[in-house]
Amino acid sequence: MATDPRRLAFLLAVHRGGGVLAAADLLGVTPSAVSQQIQRLEAEEGVLVLDRGPRGVTLTPAGRVLADVAERIETELVEARKELAALGDEVAGRVAVGAFQSAIRAVVAPVAARLAETSPGIDLDVQEREPAEALRLLRAGELDVVLLERDFEAAEAPAPRGTHEVVLLEEPWRLVVPASMPTPARLDDVRDAVWLGPQPDTAAARALRRLSQGLGGTLRTQHLYYDFDVALSLVAVGLGVAMLPALAVEGGASDEVPDGVTVVGLPGLGSRRLVARHRATRHEPRPVVSAVLDEMVDAAAEISFA
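Cut-offs used in this document
- Residues numbered from 1 in each chain as written.
- Predicted model: local features only at pLDDT ≥ 70, side-chain atom pairs only at ≥ 80, totals over all residues.
- Heavy atoms only, no water.
- Helix = DSSP H or I, 4+ residues; strand = E, 2+ residues; numbered from the N terminus.
- Rg over C-alpha atoms; globule rule 2.2 N^0.38 Å.
- Contact = heavy atoms within 4.5 Å.
- Areas by Shrake-Rupley, 256 points an atom, 1.4 Å probe, with all protein chains shown as cover.
- Lys, Arg positive; Asp, Glu negative; His and termini not counted.
- Charge placed at Lys NZ, Arg CZ, Asp CG, Glu CD.
- 1 Å grid on protein atoms, 1.4 Å probe; cavity = no way out; pocket = protein on both sides within 12 Å on 5 of 7 lines; lining within 4 Å.
- Points joined across faces, edges and corners; volume = space filled by probe spheres on them.
- Expected span 1.5 Å × (residues − 1).
- Buried < 20%, exposed > 50% of the residue type's maximum accessible area, 1.4 Å probe, protein only.
- Pairing = 2+ DSSP bridges.
- Arc of directions from axis to C-beta.
- Salt bridge = Lys/Arg side-chain N within 4 Å of Asp/Glu carboxyl O.
- Patch = residues over 30% accessible without salt bridge, like charges linked within 9 Å, V, L, I, M, F, W, Y side chains within 5 Å.
- Axes fitted to C-alpha atoms, helices over the stretch in contact; angles between N-to-C directions.
- Left-handed = near helix turned anticlockwise from the far one by under 90°.
- Nonpolar A, V, L, I, M, F, W, Y, C, P; charged D, E, K, R; others polar.

On to the overall build of the protein chain, then. If you tally the helices and strands in the protein chain, you get 9 helices and 11 strands. Expected size for 306 residues packed as a compact globule is a radius of gyration near 19 Å; at 21 Å, the protein chain falls within 12% of this value. In terms of principal-axis extent, the alpha carbons of the protein chain reach across some 60 × 50 × 30 Å. In the protein chain, the proportion of contacts linking residues at least 24 apart, taken out of those at least 6 apart, comes to 76%. Carbon together with sulfur atoms contributes 52% to the accessible area of the protein chain, which is approximately 15800 Å² in total. For the protein chain, the separation between the mean place of its 31 positive charges and that of its 44 negative charges on side chains is 6 Å.

Next comes the structure, spelled out in structure tokens:
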């Protein structure tokens, strides 16, 4: 087979990101570099791997075959790294992780429980931190890994030089409305509703701005929240509607959704991306940090949404 396996990583990034621009962000390269690698892959295989249309790109049947191959290769490489680590000395040491509530509950806590059983030499220090403070501590060397949120469709600055981001999870945004309100069937049904205002500079705020632009105007907002449980409490008493990530209202979190709230999945809401940022230098990440990151990727892969 003439294909350079490295090109498959570009195809896989397009598949996961949903387009060339998103793939470039994931890989930390320019969109033209992604396009060039895809074109070379198509030339090597003699097939088209992407359908290019006015609304973006989708994988052709041949592209899906190659994307599946790329995922299997990635999985094998992850397993190989684990086996290589097992051949040497036991990975041990302290790893400080800064994250926010829903990320801790869905990813970090399960990883901590798993490591306590499988890798007692790893001392995981979990800290609930707001993103700005967590990033400051990462730069200062006091945190090793920081979990951050992104609105998938909103433009985000790339990771700063000397750091790297690992995508853990893509989760859909959900609409939460008072149970006394008719369940909306489309976004137009809530165009004129009162929306709860997320704290500025959060993924929820960026997602709401995107949604407002898509609906052709400015959504009417009132109140201000940061924690998702606060938003749920306000919705429950009829003070407005809100857009929250699935992790906040599904799975184990669904037990905490108060009475009086209806959770709705609607087309056009988009998704939130959960990423793990760490320092990337000649000496970092340390093997123990890489081991924790691998466990986070595995834990996130086990999460599914209805």
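This part takes up unusual backbone geometry. Across the junction of Glu 284 and Pro 285, the peptide omega takes the value 5°, indicating a cis bond. Inspection of the secondary structure puts Pro 285 in the loop between strand E11 (271–279) and helix H9 (287–301). One non-glycine residue, His 223, lies in positive phi territory at about 75°.

Moving on, we come to the environment of Pro 120. Assignment of secondary structure puts Pro 120 in the loop between helix H5 (101–118) and strand E4 (122–128). The spatial distance from the C-alpha of Pro 120 to the C-alpha of Arg 6 is 35 Å, given a sequence separation of 114 residues.

Once that is clear, we can look at the layout of surface pockets. By volume, the largest pocket is sized at about 1300 Å³. If you trace the largest pocket, you find 37 residues lining it, with Arg 16, Glu 74, Val 166, Val 167 and Val 297 closest to the centre. Those elements giving two or more residues to the lining of the largest pocket turn out to be helix H1 (5–17), helix H2 (20–27), helix H4 (61–87), strand E6 (163–178), E11 and H9.

Compared with the 18 Å implied by 1.5 Å per residue over 13 residues, the 19 Å span of H1 between its first and last C-alpha is a close match. Within two residues after H1, Gly 18 carries a phi angle of roughly 85°, on the positive side.

Time to look at the side chain of Ser 102. You can see Ser 102 is positioned in helix H5. The class of Ser 102 is buried, set by a relative accessible area of 2%. In this view, Ser 102 contacts Phe 228, Leu 247 and Arg 272; residues no more than four positions away in its chain are not counted.

Burial of strand E9 (residues 242–245) is two-sided: the residues Ala 242 and Leu 244 facing one way and the residues Met 243 and Pro 245 facing the other way are all buried. Sheet topology note: the E6/E9 ladder contains 4 bridges and is antiparallel. The partner of Leu 175 across the bridge, within E9, is Met 243.

Between the first and last C-alpha of helix H3 (residues 31–45) there are 21 Å, a value that for 15 residues agrees with the 21 Å anticipated at 1.5 Å per step. Where H3 is concerned, the buried positions are Val 34, Gln 37, Ile 38, Leu 41 and Glu 42. Viewed end-on, H3 has its buried residues packed into an arc of 140°, placing them on one side of the element.

Moving on to the pattern of salt bridges. All told, the structure shown has 20 salt bridges when counted by the stated rule. The shortest N-O distance in the salt bridge between Arg 277 and Glu 165 comes to 2.7 Å. Taken as a pair, Arg 277 in strand E11 and Glu 165 in strand E6 lie far apart in primary sequence, 112 residues in all. The same class applies to Arg 277 as to Glu 165, namely buried. Here Asp 188 ties to Arg 191 by a salt bridge, and the two come within 2.6 Å at their closest N and O atoms. A relative accessible area of 38% places Asp 188 in the partly exposed class. The exposure class assigned to Arg 191 is partly exposed, which follows from its relative accessible area of 32%. Here the residues in one salt-bridge network are Asp 144, Arg 279, Glu 284 and Arg 286, joined through shared partners.

A few words now on the side chain of Thr 60. Within the secondary structure, Thr 60 is located in the loop between strand E2 (56–59) and H4. Note on Thr 60: relative accessible area 7%, which makes it buried. Apart from the residues within four sequence positions on either side, Thr 60 is in contact with Leu 48, Val 49, Leu 50 and Asp 51.

Together, Glu 128, Glu 130, Asp 227 and Asp 229 line one region of the surface with negative charge. Looking at the element boundaries, Glu 130 is found in the loop between E4 and helix H6 (131–139).

Our focus in this paragraph is the packing of H1 against H2. For the pair H1 and H2, interaxial distance at closest approach is 8 Å and the crossing angle is 115°. Like other packed secondary-structure pairs, H1 and H2 cross with a definite hand, here right-handed. Mapping the contact onto sequence places Ala 9, Phe 10, Ala 13, Val 14 and Gly 17 in H1 and Ala 22, Ala 23, Leu 26 and Leu 27 in H2. A class-by-class count of the residues in the contact of H1 with H2 yields 8 nonpolar, 1 polar and no charged.

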